Every structure is written in C-alpha cells, then in structure tokens.
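Structural overview for review
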Amino acid sequence: MKIFFRIVRYVRPYWRWLTLSVMCTILFSIFSGASIYLTIPLLETLFEQAPPVVQQQAETPPKFSLIPNEIIDVKHSFENRLRTFLFSGSKSDALLKICVLILIVFLLKNVFDYCQSYLMATVEQSLMRDLRNALYRHLHNLSLSYFTNERTGNLISRVTNDVNVVNGGVSASFVTLIKEPLLIIVFLSIAFTLSWKLTLLAFIVFPFVLLIIAGIGLRLHKQSGVMQEKMADITSVLQETISNVKVVKAFAMEEFENKKFQKETQSYFRTILKMTRIRNLSSPTTELFSILAGAVIIWFGGRQVLITGEMKASEFLGFLFAIFQVMPPVKELGSVNNRLQEFSAAGKRIFEILDTKPAIQNSPNAVSIRELHKEITFDNISFSYSDEREILSNINLNIKKGEVIAIVGPSGGGKTTLVDLIPRFYDPTAGKILLDGVDIKTIDVKSLREMIGIVTQETILFNDTVRNNIAYGLQNTPEEKIREAARAANALSFIDAMPAGFDSIIGDRGTKISGGQRQRLSIARALLKNPPIMILDEATSALDSESEILVQEAIERLMQNRTSFVIAHRLSTIRKADRILVVEQGKIVQEGKHAALIQQENGLYKKLYDMQFAV
C-alpha cells in the first residue's frame, strides 16, 4: 500500500479529470443496470398473452423479507410509473416505446463509457509521462558512481517497461476498482429487488472466489519482480550489443551474441509463461464457481416460477440477465489483484531509483562562482572507490591560474581519477580541493561545472546536427560564434565539405565522421563554451598522425589563457607544458618541466620517454 500511495501523489494534479471519469463511471453503471431492467417489460410485451397490467397500488409485502418496506414501496411506485408510460396503449405502442427507451439508454451508456475511457486515458498517460520525466531528471542528478554499479539496460527497462506496468496498476485502481464494483452493486440491486432469496444464493460463490484470488495474487507478486528483472537483462544485452556492434563484427562474435541473447529471451519466456499460467488461473476458476452458482440459481428460481408462482417468468429472466451480468465484473475483479501485485513489484523497482540519494549534492549554503582568479589547490587528497584500495594517496598540489599541467604515468595509476575530482564527478575520501581558497564542496555544482571544459579520448557526441553538437548546452548561439569555434578547432573545412554543412546529422556517437573529426568537434564545443578551466584526457591518443597534428593545433588554441590539465600517453604532445606530474600507484612520484625530468636518469618519466622514442 505504501507504493500505491506514493504513486497516487503523481495522480493528484489530475484530480479533476479523475473526478469526471468517476462520475462518468457511475452514470455508465446506472445506465448499464437500466439496459438490463428494460428486458422485463420487453419480455412481458412479447411473450405474455394478456396485456401487461398497471398496478394501482403496492402489493402486500411478504411476511418475511430482507428488503425494507420503504424500498419495496419505492420499487412499486417506480414500476407503476414506468408501466403507465409503456403500457398505456396497445402492445405495438408499448413495443415501440420500449425500443426507443432501450436505444436511448444504450446510447447514454456508451457515451459515458467513452468519456470515462478518454478521461482516464488522460490521467494514465499523464502519470506515465510524469513518472518517466521524474526518473530521467533524477538519473541526471545521480553521481557517476551510481552508473558505475548499474547496468544501462536495467535502468532503461525501469524507465520504459516498469512504468508501463505501473500504468496498468493505476488503471486497475481507478477504473476497475470503481467501475466493476459499481456494476456489481447495480446488477445485484436489481436482482435483490426481484428476488432476495435467489440473490443470497448467488452470494455463496464469493468467499471461494476471494480466497482463490488472494492465493494467486501472492504467487504473482513474486513472479512479477522476476519478470521485470528478466526484461532488464534482455534490454542490457541488447543495449550492449548495439553499442559495441563494431567490436562484435570485428571478432566475428555474431553467433556468440545470438546465443547469449537467446539465452536471456528463453529465460524471460519461461518466466512469462509461468506468470501467465498463474495469472490465467483466476479467470476460469471464478467463472467455474459462478456457473456452478448459476446452475443452482436456475434450478431454484425455475421452481419459483413453475411450482410456487412466487415470480413471473419475465421477472425470473430479468433476474438471470442481471445476475449473469455480475459475472464479467467479478472476473475482472479477479484479475485486478494480479495487476496490483505486478504494479507493486514494478513500483518498487521505480522507487529504488527515485529513493537513491545523489552522492554529490550542493551544501546548504552553496555559493556560485564564474571565474578562477588565483589558483587551484589539492590539499592532502586521497580517494578510493567504496572499500577498494586507495586510487589516490596524499596528493598535494598548487596550480596557478593559466598554468598548463600535464599528467603522465602508467595506466591505472589514478590520472583520470585525479582530474575527475575537480568537477566533482567524485568527492575525495580525504582532504579537500580549493578554488581560490574556497572548498569546492561549498560551491554550487552547476556553476562549478560551467567553469570546466572537458575533452576526452572517447568523444561524446549525439545523433544530431553538427551545429547542435558544437553548441550543446548553449541557447540561441549566433552562427558566427559556432563557425568561429569550428575554425579554431580545425573543423570548419570538413564541416563545409559535408552535404548539409552545419545541419548534417553525424549519427549515433558521431559514427558518420572519422575519429579525428569527432575529436575536433568536441574541441569546438569546448571552445564555444569558453571555460576558464580545461581538462583534456588522452585527447589525441587514438588519432593518426595527420589528425593528431590538426587536433594538437586546436588543443593549443583551446589551452590559451586557460588553466589546463592534460592527461597524455604521447609525451611529445606535452613538452610545452608548464609542469609535468608523473603519477604512479596513486602518488605523484615526479614533478617538473620536460627538460628537467628528462635529465633524471632513474626517473619514471625518463623511462617512459625512452620506451616511446626508442629506435
């Protein structure tokens, strides 16, 4: 129930639509009952030999009845008025009036059913939109460490499949749990006024049905969670394969990936079949007990017509129509519990994301900054992921504004982690980073990251136009500035050569252009942002010589008048750096300019340099 009430909060803004939908549901139920009740005068008109009689006064109530006399009087008064209207003329006149009345009743019934469906669809689709928006917004607020531990396919599945399942639960809660009980009440009320004895007999079935539904629902709740996990596994495999399709083809692993995907779909197939088997038990079981009760009712009611004369044949048939109209809503209610159990399992998975607190958050009195005036200080910084070994240990640095700091060292030494601490992708486990003497934990995260431009080895581009990729994050940027940034990044020539120029679509992750072109677009994006701090992480390591020269020229323009951190394996690209940091096993083991470091014969920098330029 806790999950249900949390979902209801997302429905609350649409209470007007929901209220109108409920009102339409009530009117639909009333006219559904009227459509059944009208069968009684129709049957009397068609099959009774004597013309129907208008009762002048209420019949003498039976000695014992569960129906209060007041209700009996109201019933007889209504019947008399209806009969006076219908049977005041000949049988042909009565038949015409009944047909017109039935037509009106069915028309109104279907109009209200349509309105209810449309209004409820508005509420449901609004809920799905708001839930997906909330999930997407919250995912953007979560820290990088969260995505390190979560599968992308699992997250996609929760935003898509689980929200769909939740929508089914909302429909069950606000449509089925209102509409079907109302229909049951209306039809049972008609049946009860016709024969309370037969109606009580019909109630024998309900305790058995409710017990069966409850038992099936408990099993279904467990299987629903398993099914959602299996769908997440399928989505994960699909996402990974599509993202890495080039690697799959390069290693001729299509058949291996096919088998892996088939294994996941087979597992999902078995789970969904088991779930379907459990879910579908409720409907035939409910119907079986209902038919059993119906057979007993027909036998007992038939005796009242044929032997005791307590009921007229038209009333008995009307009673049967009413009581058997109860069966579809009862069957539908049997499936509601199943849908609510699935809804609960899916809602739990959704709120697991929404309840996750971002590891990186603004402090209560966070300040905004726009410029770096003096320096960046690493004060005794240490860092580790969870309970793993330390990635960085006791780092102390002071970087002046405008300095170009190169960071080199063996893979896995902590170079990228060191620069990832500056934009607060992660927070250090010990020590602090200061910008002009201000702890970055007290700086508004958005304003901090707006000061920083990042160009990585793996260029991150979107399946959009060249223009929108360069101007990403900036609104209403003039065309001249975009062209200027592209020119400075050595990208203008190849952009102008493209069929649609700046309006060309570059494909998913920029697959329609070369690696060097992708890198120059990412540099143009950083240039247009014009941040005071730049981070370049292996920006030229995957390029050919010609592309490297063009990109290196663009990088040098990018670093002008900026405080820059350059991670590089190619030592030839960092000779002009103001300072080079050599990082090994999380510690700075050497520091200085290229000329000084190359003279240290036993130093790690000299060793790396010789390995790269050995003839």
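About the thresholds
- Residues numbered from 1 in each chain as written.
- Predicted model: local features only at pLDDT ≥ 70, side-chain atom pairs only at ≥ 80, totals over all residues.
- Heavy atoms only, no water.
- Patch = residues over 30% accessible without salt bridge, like charges linked within 9 Å, V, L, I, M, F, W, Y side chains within 5 Å.
- Areas by Shrake-Rupley, 256 points an atom, 1.4 Å probe, with all protein chains shown as cover.
- Salt bridge = Lys/Arg side-chain N within 4 Å of Asp/Glu carboxyl O.
- Helix = DSSP H or I, 4+ residues; strand = E, 2+ residues; numbered from the N terminus.
- Pairing = 2+ DSSP bridges.
- Axes fitted to C-alpha atoms, helices over the stretch in contact; angles between N-to-C directions.
- Contact = heavy atoms within 4.5 Å.
- Buried < 20%, exposed > 50% of the residue type's maximum accessible area, 1.4 Å probe, protein only.
- Parallel < 35°, antiparallel > 145°, perpendicular 65-115°, else oblique.
- Nonpolar A, V, L, I, M, F, W, Y, C, P; charged D, E, K, R; others polar.
- Phe/Tyr/Trp six-rings, centres within 6.5 Å; stacked < 30°, edge-to-face > 60°.
- Core = buried A, V, L, I, M, F, W, Y, C linked by side-chain atoms within 4.5 Å.
- pLDDT = per-residue confidence, 0-100.
- Left-handed = near helix turned anticlockwise from the far one by under 90°.

Focus: a nonpolar patch on the surface
- A surface patch of nonpolar side chains, about 330 Å² in accessible area, is lined by Leu96, Val100, Ile104 and Leu108.
- Inspection of the secondary structure assignment puts Ile104 in helix α5 (residues 91-141).

Description of the sheet that holds strand β8 (residues 563-567)
- Sheet architecture is open: six strands sit in the order β6-β7-β8-β3-β9-β10, paired in mixed fashion. Two strands in the sheet have a free side with no partner beyond their single neighbour: β6 (452-456) and β10 (587-592). Pairwise comparison of adjacent strand axes, ignoring direction, gives a mean angle of 15° for this sheet.
- One ladder, built from four bridges, connects strand β3 (residues 404-408) with strand β9 (residues 579-584); its direction is parallel. Bridging from a neighbouring strand, Ala406 pairs with Ile580 of β9.
- Contacts between helix α19 (residues 515-529) and the sheet are confined to β6 and β7 (533-537), with β6 contributing the most and set at about 175° to the helix.

Remarks on the pattern of salt bridges
- For the structure shown, the criterion picks out 15 salt bridges.
- Measuring nitrogen to oxygen at the nearest pair gives 3.0 Å for the salt bridge that ties Glu375 to Lys400. Here Lys400 lies in strand β2 (residues 390-400) and Glu375 lies in strand β1 (residues 375-384), a separation of 25 residues in the sequence.
- By relative accessible area, Lys400 is classed as partly exposed at 44%.
- A salt bridge links Arg467 to Glu479; the shortest N-O distance between them is 3.0 Å. Remark: Glu479 occurs in helix α17 (residues 479-488) and Arg467 occurs in helix α16 (residues 466-470); sequence separation between them is twelve residues.
- In this structure Glu479 comes out as partly exposed when scored by relative accessible area, which is 29%.
- In this structure, a network of salt bridges that share partners links the residues Glu403, Arg579 and Glu591.

Details of the packing of helix α1 (residues 2-11) against α5
- Closest axis-to-axis distance for the α1/α5 pair is 9 Å, and the angle between their directions is 105°. Taken together, α1 and α5 sit at an angle that is classed as roughly perpendicular. When α1 is examined against α5, the residues Ile7, Tyr10 and Val11 are found in contact with a partner set consisting of Val123, Leu127, Asp130, Leu131 and Ala134.
- A class-by-class count of the residues in the contact of α1 with α5 yields seven nonpolar, no polar and one charged.

Examining the packing of aromatic side chains
- Scanning the entire structure with this criterion turns up six aromatic pairs.
- Here Phe31 and Phe112 contribute two aromatic rings whose centre-to-centre distance is 5.9 Å and whose plane-to-plane angle is 15°, an arrangement assigned as stacked. With Phe31 in helix α2 (residues 15-37) and Phe112 in helix α5, the pair connects residues that are 81 residues apart, well separated along the chain. For the pair Phe31 and Phe112, a shared accessibility class is recorded, and that class is buried.

Side note on the sheet that holds strand β4 (residues 430-435)
- The antiparallel open sheet is built from four strands, whose spatial order is β2-β1-β4-β5. Strand pairing shows two members of the sheet lacking a second neighbour, β2 and β5 (438-439), which therefore form its edges.
- Bridge count for β1 against β4 is five bridges, and the pairing is antiparallel. Residue pairing across strands places Ile376 opposite Leu435, the latter belonging to β4.

Focus on the nonpolar core
- Among the nonpolar cores identified, the biggest contains 46 residues, and Ile470, Ile495, Leu521, Ile523, Ile574 and Tyr605 are the most heavily contacted of them.
- With residues near it in sequence (within four places) discarded, Ile574 still touches Ala406, Val408, Val566, Ala568, Ile580 and Tyr605.
- Counting 33 residues, the second-largest nonpolar core is a separate cluster that includes Phe87, Val105, Ala191 and Phe319.

Digging into the pairing of β8
- Burial analysis of β8 places five of its five residues in the buried class, the great majority of the element.
- Alignment of β3 against β8, held across four bridges, turns out to be parallel. When the bridges of β8 are listed, Val404 appears paired with Ser564.
- Direction of pairing for β7 relative to β8: parallel, over a ladder of five bridges. Bridge pairing links Ile535 to Phe565 in β8.

Section: the confidence of the model for the protein chain
- Mean pLDDT for the protein chain: 80, with 84% of residues reaching 70 or above.
- The spread of mean pLDDT over the elements of the protein chain runs between helix α9 (residues 205-243), the lowest at 67, and β4, the highest at 93.

Describing the packing of α2 against helix α7 (residues 152-194)
- As a packed pair, α2 and α7 sit with axes 9 Å apart at the nearest point and diverge in direction by 30°. Here α2 lies roughly parallel to α7, going by the angle between them. With respect to the hand of their crossing, α2 and α7 are arranged in right-handed fashion. Contacts from Leu18, Val22, Thr25, Ile26, Phe28, Ser29, Ile30, Ser32, Gly33, Ile36 and Tyr37 in α2 reach Phe174, Ile178, Lys179, Leu182, Leu183, Val186, Phe187 and Ile190 in α7.

Some thoughts on the side chain of Ser384
- Inspection of the secondary structure assignment puts Ser384 in strand β1.
- Looking at Ser384, the relative accessible area reads 15%, which means it is buried.
- Those residues in contact with Ser384 that lie beyond four places of it in its chain are Arg389, Glu390, Ile391 and Thr429.

Regarding unusual backbone geometry
- The phi torsion at Asn394 lies on the positive side, around 50°, for a residue other than glycine.
- Turning to its location among the elements, Asn394 is positioned in strand β2.
- For Asn394, a relative accessible area of 47% corresponds to the partly exposed category.
- We note that Asn490 has phi near 60°; this positive angle belongs to a residue other than glycine.

What to know about the pairing of β4
- For β4 and β5, the ladder comprises two bridges, and the chain directions are antiparallel. The residue bridging Leu434 from the neighbouring strand is Asp439, located in β5.
- Hairpin connection between β4 and β5: a loop of two residues separates the two successive antiparallel strands, and Asp436 in this loop has a positive phi of roughly 55°.

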